[in-house]
Amino acid sequence: MEQTSKGWGSGLVGVLIFSGSLPATRVAVGGFEPVFLTSARAVIAALLGGALLVALRQPRPAASDLFSLLIVAVGVVVGFPLLTALALQHVTSAHSIVFIGLLPLATATFGVLRGGERPRLGFWIFSALGSLSVVGFALSQSGAGSLVGDGLMVAAVIICGLGYAEGAVLSRRLGGWQVICWALALALPVMAPIALATQPPTWHGIGAPAWLGLAYVSVFSMLVGFVFWYRGLVLGGIAKVGQLQLLQPFFGLLLAGLLLDEPVPMAMVAVTGFIVLCVAAAKRFA
């Protein structure tokens, strides 16, 4: 029970950190092209993660772990950041948060396929109710979308769910922070040349908000958040702790309202209360 509680606490910290990712990305793409932003954040995080691995003298992963690390790298280092950055050129951060409501279901599904977890029927019912309430609420508030932007966000959610589940399974052997650091290191030889090739022709005119957005997604979204998130998934269970992501859209909408002056309705409080009940019920049946 104590281990599960620690897992939920660590997972919640990870969700809070990730909640700032889409608003920060929205700000960052105002000054940087999506491909450069994706590669630059990966390079910065990889350098920090590599320094940690060297400083703490972590052993190299086994050859049998490389394929799983590649899945993590493709899912959360490259795929999700790039797809969301591209999507945010077509939709607002508030609208993009609609699709984060589907991430718990995606994570739980891959937790079953890749992690061998077997939640009970009640879990799937409350998970679906929570996801539908998030999507329904966000759709009613976020205005018109874009076919291209929405398609990119759906793809981002699917590939991110796979990266989350695969990373959690691998964390059982390597450790949570080690997994994301090794995945970043694996992606570095590819992402560094891309960052150099797509860097802005001039750095003049790029405002402080864009730089702050890049800093946040590089340090927190790409590295620190995963330290807490993978630890939470390992201790509390992929499907179970993954339901905390249902709260991420509301944290994200709040940040979008505070930082980007995007509207945040009071009805969000009532819906959030319902989401908390769904998360608690899903936890019981997981």
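Analysis parameters
- Residues numbered from 1 in each chain as written.
- Predicted model: local features only at pLDDT ≥ 70, side-chain atom pairs only at ≥ 80, totals over all residues.
- Heavy atoms only, no water.
- Core = buried A, V, L, I, M, F, W, Y, C linked by side-chain atoms within 4.5 Å.
- Buried < 20%, exposed > 50% of the residue type's maximum accessible area, 1.4 Å probe, protein only.
- Contact = heavy atoms within 4.5 Å.
- Axes fitted to C-alpha atoms, helices over the stretch in contact; angles between N-to-C directions.
- Helix = DSSP H or I, 4+ residues; strand = E, 2+ residues; numbered from the N terminus.
- Parallel < 35°, antiparallel > 145°, perpendicular 65-115°, else oblique.
- Left-handed = near helix turned anticlockwise from the far one by under 90°.
- Nonpolar A, V, L, I, M, F, W, Y, C, P; charged D, E, K, R; others polar.
- Phe/Tyr/Trp six-rings, centres within 6.5 Å; stacked < 30°, edge-to-face > 60°.
- 1 Å grid on protein atoms, 1.4 Å probe; cavity = no way out; pocket = protein on both sides within 12 Å on 5 of 7 lines; lining within 4 Å.
- Points joined across faces, edges and corners; volume = space filled by probe spheres on them.
- Salt bridge = Lys/Arg side-chain N within 4 Å of Asp/Glu carboxyl O.

Draft legend 1. Examining the nonpolar core more closely. Residues V76, V77, Y164, I180 and Y230 are the most contacted members of the largest nonpolar core, which totals 60 residues. For Y164, the contacting residues outside a window of four places in its chain are F18, V76, L103, T107, F226, W229, Y230, L233 and Q245. Judged by nonpolar contacts, the second largest core, of twelve residues, contains A28, F32, F36 and V217.

Draft legend 2. Local environment of the packing of helix α4 (residues 66-87) against helix α10 (residues 208-236). Here α4 crosses α10 at 130 degrees, and the two axes come no closer than 13 Å. Taken together, the axes of α4 and α10 are oblique relative to one another. α10 is crossed by α4, and the crossing has right-handed handedness. Across the interface between the two elements, V72, V76, V77 and P81 from α4 touch M222, F226 and Y230 from α10. Taken together, the residues of the contact of α4 with α10 sort by class into seven nonpolar, no polar and no charged.

Draft legend 3. Highlighting the packing of aromatic side chains. In total, this model carries eleven aromatic pairs according to the counting rule given. Taken together, F18, Y164, F226, W229 and Y230 form an aromatic cluster joined through their ring pairs.

Draft legend 4. Representation of the environment of A183. On the secondary structure map, A183 appears in helix α9 (residues 176-198). For the pair A183 and V76, spaced 107 residues apart in the sequence, the C-alpha separation amounts to 9.0 Å. Contacts of A183, omitting those with residues within four sequence positions, involve L69, V72, A73 and V77.

Draft legend 5. The layout of surface pockets, seen in detail. Taken as a whole, the largest pocket encloses approximately 210 Å³ of empty space. Every residue lining the largest pocket is listed: G20, P23, A24, V27, P209, L212, G213, Y216, L255 and L259. Looking at the lining of the largest pocket, the elements that each hand over two or more residues are α2 (21-28), α10 and α12 (248-260). In terms of residue count, the dominant contributor to the lining of the largest pocket is α10 (four residues). The class makeup of the residues in the lining of the largest pocket is eight nonpolar, two polar and no charged.

Draft legend 6. The arrangement of the environment of W229 in detail. You can see W229 is positioned in helix α10. Considered as a pair, W229 and V15 are 214 residues apart in the sequence and their alpha carbons are 7.2 Å apart. Ignoring sequence-local partners within four residues, the contact set of W229 consists of S10, G11, G14, V15, F18, Y164, V241, G242 and Q245.

Draft legend 7. Representation of the packing of α4 against helix α8 (residues 147-174) in the model. It is the contact of α4 with α8, at a shortest axis distance of 8 Å, that shows an interaxial angle of 155 degrees. By the angle class used here, α4 and α8 are roughly antiparallel. Judged by the twist between their axes, the crossing of α4 over α8 is left-handed. Across the contact of α4 with α8, the residue classes break down as 18 nonpolar, seven polar and one charged.

Draft legend 8. Here's a closer look at the pattern of salt bridges. Enumeration over the complete set of coordinates arrives at two salt bridges. Note that R173 and D65 form a salt bridge whose closest N and O atoms lie 2.7 Å from each other. One end of the pair, R173, is in helix α8; the other, D65, is in the loop between α3 (34-55) and α4, and 108 residues separate them in sequence. Since its relative accessible area comes to 6%, D65 is described here as buried. A salt bridge links R114 to E166; the shortest N-O distance between them is 2.6 Å. In this pair, R114 sits in helix α6 (residues 103-115) while E166 sits in helix α8, placing the two residues 52 residues apart along the sequence.

Draft legend 9. Spatial organisation of empty space enclosed by the protein. Going through the model one piece at a time under the given rule, you end up with two cavities of 30 Å³ or more. Considered as a void within the structure, the largest cavity measures approximately 140 Å³ in volume. Taken together, 15 residues form the lining of the largest cavity, with F18, S21, R41, F80 and Y164 sitting closest to its centre. Of all the secondary structure elements, the ones that give two or more residues to the lining of the largest cavity are α2, α4, α8 and α10. Ranked by residues supplied to the lining of the largest cavity, first place goes to α4 with four residues. Here the residues of the lining of the largest cavity sort into nine nonpolar, five polar and one charged. Empty space within the second largest cavity amounts to approximately 40 Å³. If you go around the second largest cavity, the residues you meet are F18, S19, L22, I97, I100, Q248, P249 and G252. Ranked by the residues each element gives to the lining of the second largest cavity, the list is headed by α12, at three residues. Of the residues that constitute the lining of the second largest cavity, the class distribution is five nonpolar, three polar and no charged.

That's the geometry; what it means functionally is another story.
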